[in-house]
Amino acid sequence: MNPDPRLVVFDMDGTLIDSQHLILAAMTRAFDQAGHPMPERAEILAIVGLSLPEAMTALAPHLPAAETARLADHYRESFVVRREAGEEIAPLYPGARAALDRLAADPGLLLGVATGKARRGLDHVLAMHDLGGYFVTLQTADGHPSKPHPAMLHQALSETGVGPARAVMVGDTEFDMAMGKAAGFATVGVAWGYHPRERLAAAGADRVIEDFAELDTALAELGAHR
């Protein structure tokens, strides 16, 4: 291993995988089963990236905590049902695997994941797309506060031995950008996910890219890929 490596941490939903239709379907089922009106599509997509309890509270702030917890349970159950039924999985965004291949070939880079998913959900995605070999650190909502709290990134640094000045967070939401900044990371926003370019920039993104083909240059400019 390179004695002075750099670390690039990726969000999952909206950054590496296009899970929009699965998230909307699971939310529809959750609110239907709980007997509450479905939020607007834009409201749902705006909270993608938060951990599930925080997401449900943001979508239904008028409900008591016990009811938003029930919504979260229904949402989790929806994904379990879909997996057991063998329904389709969220595809990788165009260029995602090629980008991971390029970065993994750089001996000076370590790759990681920081996601609002539970570990069970992340493990399913990694297995379905055969992505596990790319990442040396995996941080999920199970053991950490919700984004934008920097705990996931602090743990990634601890596991890899990389300092924050040599690390970059890549994500599609303002929560990713704010988490990265709070941890002392440089940040790259991707414009194909759930938050628009303007929102990413307002949250402090150092670079915003429109395509995975631009990622290498952005990382090089931030000193994370050479």
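The following paragraphs examine the structure supplied in this document. (Residues numbered from 1 in each chain as written. Predicted model: local features only at pLDDT ≥ 70, side-chain atom pairs only at ≥ 80, totals over all residues. Heavy atoms only, no water.)

Notes on the pairing of strand β2 (residues 109-114)
- With 6 of 6 residues buried, β2 lies mostly within the body of the structure.
- For strand β1 (residues 6-10) and β2, the ladder comprises 5 bridges, and the chain directions are parallel. Residue pairing in the sheet places V9 in a bridge with G112 of β2.
- In the sheet, β2 pairs with strand β3 (residues 137-139) via 3 bridges, with the strands oriented parallel. By the bridge assignment, G112 is partnered in β3 with T137.
- Assessed by its sense of winding, the connection that carries the chain from β2 through helix α6 (residues 119-129) to β3 is right-handed. (Buried < 20%, exposed > 50% of the residue type's maximum accessible area, 1.4 Å probe, protein only. Helix = DSSP H or I, 4+ residues; strand = E, 2+ residues; numbered from the N terminus. Pairing = 2+ DSSP bridges. Right-handed = clockwise from strand over helix to strand, strands pointing away.)

Section: unusual backbone geometry
- Cis geometry marks the peptide bond from K147 to P148; its omega dihedral reads 10°.
- Located in the positive-phi region is D130, a residue other than glycine, with phi close to 55°.
- Here D130 shows up in the loop between α6 and β3.

Brief notes about the packing of aromatic side chains
- Within this structure, the stated rule accounts for 3 aromatic pairs.
- A ring pair is formed by Y93 and W192, whose centres lie 6.3 Å apart and whose planes are at 50°; its orientation type is tilted. With Y93 in the loop between α4 (65-84) and α5 (96-104) and W192 in the loop between β5 (186-190) and α9 (197-202), the pair connects residues that are 99 residues apart, well separated along the chain. As far as the burial class goes, Y93 and W192 line up, both buried.
- Here the aromatic residues Y93, W192 and F212 are joined through ring pairs into a cluster of three or more. (Phe/Tyr/Trp six-rings, centres within 6.5 Å; stacked < 30°, edge-to-face > 60°.)

Some details on the sheet that holds β1
- Strand order in this open sheet of 6 strands is β3-β2-β1-β4-β5-β6, and the pairing throughout is parallel. Single-partner strands in this sheet number two, and they are β3 and β6 (207-209). Averaged over all pairs of adjacent strands, the angle between strand axes in this sheet comes to 20°, irrespective of strand direction.
- Along the sheet, α5 contacts β1 and β2; its crossing angle with β2, the most-contacted strand, is approximately 140°.
- Contacts from helix α8 (residues 174-182) reach β2, β4 (167-171) and β5, with the element oriented near 170° to β4. (Axes fitted to C-alpha atoms, helices over the stretch in contact; angles between N-to-C directions. Contact = heavy atoms within 4.5 Å.)

Purely spatial values, then, with no claim about function.
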